[in-house]
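# Understanding the architecture of this molecule
Here is what each chain is made of, one letter per residue.
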Amino acid sequence: MTGINKAACIGGGVIGGGWIARFLLAGIDVNVFDPHPEASRIVGEVLANAEKAYAMLTGAPLPPRGRLTFCTTLEEAVAGADWIQESVPERLDLKRGVLTEIDAVARPDALIGSSTSGLLPTDLQRDMKHPQRLFVAHPYNPVYLLPLVEIVGGEKTSAATIRAAMVRLAPIGMKGVHIAKEIEAFVGDRLLEALWREALWLIHDDICTVETLDDVIRYSFGLRWAQMGLFQTYRIAGGEAGMRHFLAQFGPCLAWPWTKLTDVVDLDDALIEKIGRQSDEQAAGLSIRELERIRDENLVGILQALKGGDGGRGWGAGKLLKDFEQSLWAAGGRATTSFDPSKPLKLVETKVSPAWVDYNGHMTEHRYLQVFGDTSDALLRLIGVDLAYVEAGQSYYTVETHIRHLGEAKLGQAIHSTCQVLDVDEKRLHVFHTLHDTATGEALATAEHMLLHVDSKAGKAVPAPADIIDKAKAIARAHAELAAPEGAGRHVGQRR
Ligand SMILES: NC(=O)C1=CN([C@@H]2O[C@H](COP(=O)(O)OP(=O)(O)OC[C@H]3O[C@@H](n4cnc5c(N)ncnc54)[C@H](O)[C@@H]3O)[C@@H](O)[C@H]2O)C=CC1
Ligand SMILES: C[N+](C)(C)CC(=O)CC(=O)[O-]
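Residues numbered from 1 in each chain as written. Chains lettered and ligands numbered in written order. Predicted model: local features only at pLDDT ≥ 70, side-chain atom pairs only at ≥ 80, totals over all residues. Heavy atoms only, no water.

## Considerations on the site of ligand 1
Taken together, 21 residues surround ligand 1, and among them I15, D34, E90, K95 and S117 come closest. A distance of 2.6 Å is found between an oxygen atom of ligand 1 and a side-chain nitrogen or oxygen belonging to E90. Residue S117 places a side-chain N or O atom 2.7 Å away from an oxygen atom belonging to ligand 1. Relative to its free-state accessible area of 830 Å², ligand 1 is covered by the protein chains to the extent of 74%. Secondary-structure elements contributing two or more residues to the shell around ligand 1 are α1 (14–25), α4 (92–105) and β6 (134–139). Grouping the constituent residues of the shell around ligand 1 by class yields nine nonpolar, nine polar and three charged. (Near = heavy atom within 4 Å. Polar contact = N/O pair within 3.5 Å; in protein donor to acceptor, adjacent residues only side chain to side chain. Areas by Shrake-Rupley, 256 points an atom, 1.4 Å probe, with all protein chains shown as cover. Helix = DSSP H or I, 4+ residues; strand = E, 2+ residues; numbered from the N terminus. Nonpolar A, V, L, I, M, F, W, Y, C, P; charged D, E, K, R; others polar.)

In structure tokens, the structure reads:
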């Protein structure tokens with residue numbers, strides 16, 4: 001088994017809530033145990049954020065959302081789960097107690113991950129009867145958008161557990177990295193804490209305010225780090241001589257008195273008050289929920305930009321997103337498998353993402369083509385032209401497109417596309433797509449395309465196989481009974 005069938009989340013706060021959303025939106029049923037009286041409200045709010053973000057992140061067909069169940073005992077929550085994620089507060093005694101309780105009632109083959117930010121798995125597994133299945137699965141906030149999970153084993157964790165944990169992350173759109181040796185705070189939080197310690201000194205010593213410090217990050221290396229890490233960035237900074245030159249030039253600076261990294265600032269009342277006040281000023285009245293919305297929209301935009309990186313192949317977290325989407329398309333998800341012949345096919349449902357909006361405040365031109373292209377792709381999958389078919393050497397290429405813009409699609413608006421197949425022959429597929437406002441049904445744009453069946457290696461049009469043509473013709477026959485779409489056959493400059 002390489003996927004998670006049922007998950008249990010013990011603790012449903014900031015991180016537990018993020019895990020719950022990640023699992024549910026990947027189609028996995030989740031049981032939750034959290035004694036907090038408002039746990040279901042808090043989880044509900046995180047889930048609502050996650051759903052908004054996913055609607056903007058991807059047009060790929062997500063599986064039906066998993067079932068969410070709040071349980072009154074830990075035992076009830078853990079029953080039947082094959083991945084149990086502990087996300088209770090960061091206290092060794094509390095986590096040990098909870099993990100030992102999980103261990104006593106979990107399925108023998110269940111994997112048990114801890115979200116701890118820095119505790120050693122060896123310490124966490126000390127009292128467990130089956131410690132071989134406990135590992136650290138350290139995520140990043142927001143768990144539903146940031147894909148990384150640091151997987152760390154303790155002295156008693158089995159190699160099989162680590163392998164099993166790693167393979168189960170890809171199907172939920174995450175990237176596991178196995179940290180070879182356990183160490184407090186692993187890799188990510190080691191780095192973040194070094195930065196955090198130095199940042200607190202800079203505020204303490206009145207070198208800058210929290211806002212200036214954040215500006216220094218987000219207008220410079222913060223942007224770089226989303227797409228290349230520290231070492232690849234510095235390799236480039238070494239110029240043509242690369243990393244070795246970089247180390248020769250900047251290595252000696254490490255011995256200069258640049259940092260206070262080894263000292264820990266005293267977070268006394270005065271410093272807490274100073275940081276709190278400056279942080280309030282920086283927030284300028286925005287609530288945590290509003291800041292989360294802005295953060296999520298920005299992360300969606302960055303992930304989408306990275307999906308188009310490296311010449312469209314996708315780069316880093318964007319490549320991971322692209323691969324995840326391909327697996328969603330391959331799995332079919334919500335894609336139409338049977339169709340109602342009395343209507344055009346409804347093929348793509350999505351929301352207008354922040355990265356799609358232009359200076360006019362509405363969806364920019366090329367995103368229309370993107371949605372219409374996705375609509376053609378969905379139609380092709382429906383008639384059997386899927387990734388395996390394309391990899392085997394044949395495909396359909398779009399050779400002509402005419403888009404009409406009839407209305408405006410605004411940020412966050414729910415939209416969907418429909419397709420009417422106008423004509424099919426052995427090489428050609430003539431389609432008419434319409435983009436609708438989902439709330440009103442209003443047509444926002446139409447696109448008419450001619451697609452040609454090609455042998456990709458030979459680079460020339462060839463007849464499609466009979467089974468593909470038969471499926472396309474069955475749809476075209478049904479669609480021939482519908483009224484011809486208004487606007488079909490129009491060209492630019494034509495009188496209405
Ligand atoms: N907040 C962050 O940025 C990150 C936190 N983490 C780690 O995730 C874990 C959870 O942290 P947060 O979600 O931030 O804390 P949180 O305080 O938001 O949530 C903790 C939740 O655990 C619940 N809880 C307490 N005792 C419990 C018990 N015995 N059984 C079940 N639930 C219980 C609480 O009611 C609360 O809802 C910690 O280990 C933390 O280090 C990891 C990555 C990032
Ligand atoms: C502050 N923190 C140590 C809990 C942060 C993390 O563990 C990871 C993150 O999301 O920054």
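Now that the structure has been shown, we can carry on.
## Topic: the site of ligand 2
Within the structure, ligand 2 sits among S117, H138, Y140, N141, D189 and L192. Contact distances for ligand 2 include 2.7 Å between an oxygen atom and a side-chain N or O atom of H138. In this structure, an oxygen atom belonging to ligand 2 sits 2.7 Å away from a side-chain N or O atom of D189. Within the complex, the protein chains bury 52% of what would otherwise be the 320 Å² of accessible surface of ligand 2.

## Description of unusual backbone geometry
Here the residue pair N141 and P142 is connected by a cis peptide bond, since its omega of 5° sits within 30 degrees of zero. On the secondary structure map, P142 appears in the loop between β6 and β7 (148–153). A positive phi angle, near 55°, is found at F186, a position not held by glycine. Along the chain, F186 turns up in the loop between β8 (175–178) and α7 (188–204). You can call F186 buried: its relative accessible area is 2%. Here the phi dihedral of A284 falls at roughly 50°; this positive angle occurs in a residue that is not glycine. By the element assignment, A284 lies in the loop between α11 (269–283) and α12 (288–307). (Buried < 20%, exposed > 50% of the residue type's maximum accessible area, 1.4 Å probe, protein only.)

## A few points about the side chain of T161
Looking at the secondary structure, you find T161 in helix α6 (residues 159–169). At a separation of 2.9 Å, a polar atom in the side chain of T161 contacts the side chain of S158. In contact with T161, not counting residues within four places along its chain, are L111, Q132, R133 and F135. (Contact = heavy atoms within 4.5 Å.)

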